[in-house]
Number of protein chains: 2
Amino acid sequence: MDEFARIRHWTEHRQSAALLASQGVVTGIGDDAAVVALPPDEQSPAEWLLAVDTMVETVHFNDATMAEEDVGWKALAANVSDIAAMGGTPRHALVSVSAPKAWGPERVRRLYDGLYACAGHYGVAVVGGDTTSSPLHLVVAVTVTGTVAAGKAIRRAGARPGDAVFVTGAAGMAAAGLHFLLAAGSAAAGGGDSPRPVPPAAAEAAGTAALVQAHRRPAPSVRAAALLAARGTVTSLNDVSDGLASEAWEIAEASGVKLALRESRLPRSGSLTAYAHRAGVDPLDWILYGGEDYALLGTIAAEDADAAKAELEAAGLPMYLIGEAEQGPAGVELVRDYGERGPGSRRGRFSSPRREPLAKRGYNHFGG
Amino acid sequence: MDEFARIRHWTEHRQSAALLASQGVVTGIGDDAAVVALPPDEQSPAEWLLAVDTMVETVHFNDATMAEEDVGWKALAANVSDIAAMGGTPRHALVSVSAPKAWGPERVRRLYDGLYACAGHYGVAVVGGDTTSSPLHLVVAVTVTGTVAAGKAIRRAGARPGDAVFVTGAAGMAAAGLHFLLAAGSAAAGGGDSPRPVPPAAAEAAGTAALVQAHRRPAPSVRAAALLAARGTVTSLNDVSDGLASEAWEIAEASGVKLALRESRLPRSGSLTAYAHRAGVDPLDWILYGGEDYALLGTIAAEDADAAKAELEAAGLPMYLIGEAEQGPAGVELVRDYGERGPGSRRGRFSSPRREPLAKRGYNHFGG
């Protein structure tokens, strides 16, 4: 196959005309550039959102941690999450794949399978791409567009003292899943096998299926973002891609406020707690510093917090009110309202809360 | 420097508020996604153009062929050229850089220096980016946006029998420049030096400065594209990034026409001809199959061809009428109206033209 045949093999007949039309695609893959326009009823006064995210073999994934389909899914999902974190609607994607010859066209095709699965799930039109060879490692960079009503993009800088701090899902899951996959991969390699993706059945057996899923097939909070943005009371928003602590610091510094996060209110997944116990890791390390989670972290006017939570929960979406924004100086504090004994201790619940400054970074996944 | 400090080092204070405002940048680098809107007077009914292009170390450049600044310039220029090739105006860029640790922040900074120089030259606002580490080789993927009046994007598929075929500059220059750089780089490496970019003075001394410049600092035909698009008579347009023959084939196949290219009318640079003679290469190989040139190749209504040429030349821009579109079947033919003897032969000029089918691909630069 020459280059053009390969591109057709990877991208042709992947998306319906209806999906492409719904995103205003005039010309898709195949010319020098894609041509897109919003349907006239949506055109004005929308603003456009643009984001790019990159995944590098050996830095973000390897043969043991992810199958090709997972890489494709996640490369797009990370970008979809960035659009959600601005309160927007994802629309178009462009894909740059640099693939070593050793990968061959079929492995790249499976990467595209996963990418198109994610695109279909979120209604994103894949409108362009570039494929090149790479000497040794696969690199995939995806750019997405999205739109938001003019003036309605939700930035990091709007948090005000008195706002409630929320998160739309459990953090730390992806980091725990990666920890499991790296350990399981090493064990398999030690057994002489060439590295293959740790099979889902192994995660199932180990009780880590949800963690592995969070790492391999993250689910951006697009619906939650749309519901929250429509309320008009969300004052800052990030996704948790760099870890809860790091993202909270970004909001605090951009907004000039202090965020107080209550340890007792941080959502904890049962499988994370169980696996952390077995792995000898403090689950809070993953929850605060894990990264690659695509829950949304933000602040909302305190008087609307309970109503927003009720609306999301009625839609089947979780929302946790985990703290408050306070007068600066800018910073993040963890309120250890369990006391010293942790969540399992009855006595701990009644000891007086203690505040600790929260470091921006701790655990550093994968060294990437 | 941590990741955030590095990104600031590379991207902060690079572009004026006036440039960013002129491209409707509401929020640039630093949040989850950039927010852009066209100024209200331009907003409707524009269509958006989207393109992505990737450069990989060892595939598209190496230490001998390009300095870091050249890599940054060219990574953006290739995309700007794709927007020009649709008849559009380039507006925004997003940059994904995967850099090996060995590159260090200063080499990456120089890459950004070149990229921002190109952005400034073409008025492109750099609004987003992602930087990751890479195990061994640098990969840079750039995505650009552009706009075009609704319905006015110029595709490949519109050429009609009777149209004139034109090109806006000499092809083959970049391929000849690369040939010189690879030969000079090998010679230097053979001398025991570690590979460094072949200095401009060496190209100057060898009479290949224009060829090296074409490879390292290509100049997309944005002004020519704007003038041509405004005439409304251009029926198809490509840039010559994959070589004149290949791009002519793309237009012919997309439009269902035959393109007859006249050998005698193909623009020939004096330095290309001179260097080809010394290197023992048929200059026509580079002209037809060279690639990485950013002149525009297209078709235009025959009755407007001379007026378009006059308008471009009045603006200091070359335009060469190199052939005609004919009834299909789709294909490309080279009209050898020099006869067998080549352009240097007086007798050759008067021998009767001979037509040859032109292969899509011949010379394959760099193996990439």
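Each chain carries its own residue numbering, running from 1 in the direction its sequence is written. Think of it this way: whatever chain is written first is A, whatever ligand is written first is 1, and the rest follow in order. Local features are withheld for residues below a pLDDT of 70 in this predicted model, meaning they are given only at 70 or higher, and side-chain atom pairs are given and counted only at 80 or more; totals for whole chains, interfaces and linings count all residues. Heavy atoms throughout the structure, all of them, feed into the side-chain values; hydrogens and water do not.

1. Some words on the pairing of strand S4 (residues 89-100) of chain A
Residues and elements named next belong to chain A. Counting buried positions along S4 gives 11 out of 12 residues, so the element sits mostly inside the fold. As paired elements, S4 and strand S6 (residues 139-149) share nine bridges and run antiparallel to each other. Each residue of the ladder has a partner; that of valine 97, found in S6, is valine 140. The pairing of S4 with strand S5 (residues 125-134) spans nine bridges and is classified as parallel. Only protein chains enter the accessibility calculation, which uses a 1.4 Å probe; a residue whose area is less than 20% of its type maximum is buried, one above 50% is exposed, and one in between is partly exposed. Per the convention used, a helix needs a DSSP run of H or I reaching at least four residues, while a strand needs a run of E reaching at least two, with both numbered from the N terminus. Two strands qualify as a pair provided that DSSP identifies no fewer than 2 bridges between them.

2. Focus: the pairing of strand S3 (residues 46-56) of chain B
Within S3 of chain B, 10 of the 11 residues are buried, which leaves the element mostly enclosed by the surrounding structure. In the sheet, strand S2 (residues 34-36) of chain A pairs with S3 of chain B via three bridges, with the strands oriented antiparallel. Along S3 of chain B, the bridge assignment pairs valine 36 of chain A with tryptophan 48 of chain B. Where S3 of chain B meets strand S6 (residues 139-149) of chain B, 11 bridges bridge the pair, whose relative direction is antiparallel. Among the inter-strand pairings, threonine 54 of chain B is bridged to a residue of S6 of chain B, identified as alanine 141 of chain B.

3. Section: the interface of chain B and chain A
Working rule for contacts: check all heavy atoms of both residues, and any pair within 4.5 Å makes them a contact. Contacts between the two partners involve 58 residues from chain B, matched on the other side by 58 residues from chain A. For any pair of parts, buried area is found by adding up, for both, the accessible area (1.4 Å probe) each one loses once the two are put together. In total, about 4500 Å² of surface goes out of reach between chain B and chain A, with carbon and sulfur atoms giving 56% of it. For the chain B face of the interface with chain A, the top three residues by lost area are Asp32, Trp48 and Leu50 of chain B, together amounting to 16%. Any carboxyl oxygen of Asp or Glu that lies within 4 Å of a side-chain nitrogen of Lys or Arg is treated as forming a salt bridge with it. Of the charged contacts, one joins arginine 156 of chain B and aspartate 31 of chain A as a salt bridge, the two residues approaching to 3.5 Å between their closest N and O atoms. Of all the secondary-structure elements, those providing two or more residues to the side of chain B that touches chain A are strand S1 (25-27), strand S2 (34-36), S3, helix H3 (68-84), strand S4 (89-100), strand S5 (125-134), S6 and strand S8 (234-239) of chain B. Among the elements that line the side of chain B that touches chain A, the one with the most residues is S3 of chain B, at 10 residues. Ten residues, namely Ala, Val, Leu, Ile, Met, Phe, Trp, Tyr, Cys and Pro, are considered nonpolar, four, namely Asp, Glu, Lys and Arg, are considered charged, and the remaining ones, Gly among them, are considered polar. Taken together, the residues of the side of chain B that touches chain A break down into 27 nonpolar, 18 polar and 13 charged.

4. Description of the pattern of salt bridges
Residues and elements named next belong to chain A. Throughout the structure, instances matching the rule amount to 50 salt bridges over all chains. A salt bridge links glutamate 292 to lysine 74, with the nearest nitrogen and oxygen atoms 2.7 Å apart. A residue pair is termed long-range when its members are at least 10 positions apart, and glutamate 292 in the loop between helix H12 (283-289) and strand S10 (296-300) and lysine 74 in helix H4 (residues 68-84) qualify at 218 residues. One exposure class covers both glutamate 292 and lysine 74, and it is buried. Between glutamate 324 and arginine 265 there is a salt bridge whose closest N-O contact spans 3.7 Å. Of this pair, glutamate 324 sits in strand S11 (residues 320-327) while arginine 265 is found in the loop between strand S9 (257-262) and helix H11 (270-279), placing the two residues 59 residues apart along the sequence. A residue is classified by how much of its surface remains accessible, and arginine 265, at 38% relative accessible area, is partly exposed.

5. A look at the side chain of serine 221 of chain B
All names here are of chain B. Along the polypeptide, serine 221 turns up in the loop between helix H7 (209-216) and helix H8 (222-231). Nitrogen and oxygen atoms within 3.5 Å of one another constitute a polar contact, given that in protein one can donate a hydrogen and the other can accept it, and given that sequence-neighbouring residues count only through two side-chain atoms. From its side chain, serine 221 meets the backbone oxygen of tyrosine 294 in a polar contact 3.0 Å long. Aside from chain neighbours lying at most four places away, what touches serine 221 is Ala84, Thr168, Tyr294, Ala295 and Leu296.

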